[in-house]
Amino acid sequence: MYIPTQEVRYSKVARITLFLCVMAPSAVVAWLGGIHGLLDCAIAFLWPLALPLIYFNFTPLASLCCSALLQASIFYCVVRSQRLTARGKATFAITWGMLFALILRLALAYQTWQSLMPVP
């Protein structure tokens, strides 16, 4: 029986797999946080970078576009990187996705906490 080595297993990591590693954790957090629109869950990974821009008087659409542009450029650099191995790319994408899921979870918890506080 042939058991492939780790190098062989990670050698063919597809771009869609890397993109899903970035996108899926935030989508799950958004869905569990009460956001049930398919498009809203699909773009949930953009919100952790967009929320600080909203506080600097950007419109939500402009901040989402800036976040998408920044993340697309980082994703392009990761995919095209010659220094990172396929395993390194997968590790980077998973870490990136889980970090943004954590930031989104904290933002949703803060929003819920603000709605529960009495208005003076």
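A brief report on the enclosed structure follows. (Residues numbered from 1 in each chain as written. Predicted model: local features only at pLDDT ≥ 70, side-chain atom pairs only at ≥ 80, totals over all residues. Heavy atoms only, no water.)

Moving on to the environment of L18. If you trace the backbone, L18 turns up in helix 2 (residues 15-32). Each C-alpha atom of the pair L18 and I94 lies 7.8 Å from the other, and the pair is 76 residues apart in sequence. Not counting residues within four places of it along the chain, the set of residues in contact with L18 comprises V13, F75, V79, K89, A90 and A93. (Helix = DSSP H or I, 4+ residues; strand = E, 2+ residues; numbered from the N terminus. Contact = heavy atoms within 4.5 Å.)

Of all hydrophobic cores here, the largest spans 14 residues; its most connected members are L18, V22, F45, F75, A93 and W96. Secondary structure elements with two or more residues in this core: helix 2, helix 5 (60-80) and helix 6 (86-116). In this structure, A30, A44, A101 and L108 belong to the second largest nonpolar core, which totals eight residues. (Core = buried A, V, L, I, M, F, W, Y, C linked by side-chain atoms within 4.5 Å. Buried < 20%, exposed > 50% of the residue type's maximum accessible area, 1.4 Å probe, protein only.)

Positive phi, normally seen in glycine, also occurs at N57, with a value near 65°. By secondary structure assignment, the location of N57 is in the loop between helix 4 (47-55) and helix 5.

For any two helices packed against each other, one specifies the crossing angle of their axes together with the interaxial distance. The geometry of helix 2 relative to helix 5 is characterised by a closest axis approach of 11 Å and an angle of 135° between their N-to-C directions. It follows that helix 2 is oblique to helix 5 by the angle criterion. Here helix 2 runs over helix 5; the crossing is right-handed. Residues R15, L18, F19 and V22 of helix 2 form the contact with helix 5, whose participating residues are Q71, F75 and V79. (Axes fitted to C-alpha atoms, helices over the stretch in contact; angles between N-to-C directions. Parallel < 35°, antiparallel > 145°, perpendicular 65-115°, else oblique. Left-handed = near helix turned anticlockwise from the far one by under 90°.)

Here we take up the packing of helix 4 against helix 5. It is at 8 Å that the axes of helix 4 and helix 5 come closest, and there the two elements cross at 135°. If you check the angle between helix 4 and helix 5, you find them oblique. Helix 5 is crossed by helix 4, and the crossing has right-handed handedness. Here W47, L49, A50, L53 and I54 of helix 4 lie close against helix 5, whose contacting residues are P60, S63, L64, C66, S67, L70 and Q71. Residue composition of the contact of helix 4 with helix 5, by class: nine nonpolar, three polar and no charged. (Nonpolar A, V, L, I, M, F, W, Y, C, P; charged D, E, K, R; others polar.)

Turning to helix 6, a few remarks are in order. The terminal C-alpha atoms of helix 6 lie 45 Å apart, and with 31 residues this matches the ideal 45 Å at 1.5 Å per residue to within 8%. Taken as a whole, helix 6 has its buried residues at K89, A90, A93, W96, G97, F100, A101, L104 and L108. The inward-facing, buried residues of helix 6 contact helix 2, helix 4 and helix 5. (Expected span 1.5 Å × (residues − 1).)

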